[in-house]
Amino acid sequence: MQSVSRFLRLCLLLIAFCAIAAFVAVNRQPVTLYLWPFKSGLTAQIWVFVLGSMAGGMILGGLAIWLRLLGLRARLWGVERARAKDSRNASGNDGRNDGEKDIPAPAPPAVTDNHN
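Below or above, wherever it landed, is the structure these notes cover. (Residues numbered from 1 in each chain as written. Predicted model: local features only at pLDDT ≥ 70, side-chain atom pairs only at ≥ 80, totals over all residues. Heavy atoms only, no water.)

Before going further, it helps to examine the overall build of the protein. If you tally the helices and strands in the protein, you get 2 helices and 2 strands. Listed by position from the N terminus, the elements making up the protein come as α-β-β-α. Scored against the burial criterion, the 116 residues of the protein give a buried share of 2%. When contacts within the protein are restricted to residue pairs at least 6 apart in sequence, those whose partners lie at least 24 apart make up 12%. Carbon and sulfur atoms form 67% of the exposed surface of the protein, whose accessible area is close to 10,800 Å². (Helix = DSSP H or I, 4+ residues; strand = E, 2+ residues; numbered from the N terminus. Buried < 20%, exposed > 50% of the residue type's maximum accessible area, 1.4 Å probe, protein only. Contact = heavy atoms within 4.5 Å. Areas by Shrake-Rupley, 256 points an atom, 1.4 Å probe, with all protein chains shown as cover.)

Take a look at the structure:
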């Protein structure tokens, strides 16, 4: 099953690369891109701007996903720390490293009836 998945992924990548190559071969007209606050512009072939914006979008999208997953991982680390602390408390070790045990409280004195 894994080899079928790899083969399909390879076929999709090959189709995508062929489509990109065809796009680059057909779109060779020079275009000037003016950025609003600046008076000067950038002149290049149109495919440079299109593929550059696609690459920039993929990088920014990947960065946004990575940052979101980093936040979720930090929350998971906090939950794991709390769970480890709870399991230490449940087992009788409350986090002290010196190995001392809790000393039980002394029993209350026995009540005797001395009304003879």
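Inspection of the sheet shows strand β1 (residues 30-34) paired to strand β2 (residues 41-45) by 5 bridges, in the antiparallel sense. When the sheet's bridge partners are listed, L33 is paired in β2 with L42. Here β1 hands over to β2 after 6 residues, the two strands then running antiparallel side by side. (Pairing = 2+ DSSP bridges.)

A word on the packing of helix α1 (residues 2-26) against helix α2 (residues 46-90). The contact between α1 and α2 brings their axes to 8 Å, and the two run at 145°. As for how α1 packs across α2, the hand of that crossing is right-handed. Listed contacts from α2 to I20, F23 and V24 of α1 are W47, V50 and L51. Of the residues contributing to the contact of α1 with α2, the split by class is 6 nonpolar, no polar and no charged. (Axes fitted to C-alpha atoms, helices over the stretch in contact; angles between N-to-C directions. Left-handed = near helix turned anticlockwise from the far one by under 90°. Nonpolar A, V, L, I, M, F, W, Y, C, P; charged D, E, K, R; others polar.)

Within the element layout of this structure, Y34 appears in strand β1. Those residues in contact with Y34 that sit more than four places away from it in its chain are K39, S40 and G41.

A surface patch of nonpolar side chains, about 520 Å² in accessible area, is lined by L60, L63, W66, L67 and L70. Classification of L63 by relative accessible area gives partly exposed; the value is 43%. (Patch = residues over 30% accessible without salt bridge, like charges linked within 9 Å, V, L, I, M, F, W, Y side chains within 5 Å. Salt bridge = Lys/Arg side-chain N within 4 Å of Asp/Glu carboxyl O.)

With that settled, the discussion passes to the environment of T43. Within the secondary structure, T43 sits in strand β2. Assessed through its relative accessible area of 55%, T43 is described here as exposed. The spacing of T43 and T32 is 11 residues in sequence and 4.2 Å in space, taken between C-alpha atoms. Once residues lying within four places of it in the same chain are set aside, the contact partners of T43 are P30, V31, T32 and F49. Among the polar contacts made by the side chain of T43, one reaches the side chain of T32 at a distance of 3.1 Å. (Polar contact = N/O pair within 3.5 Å; in protein donor to acceptor, adjacent residues only side chain to side chain.)

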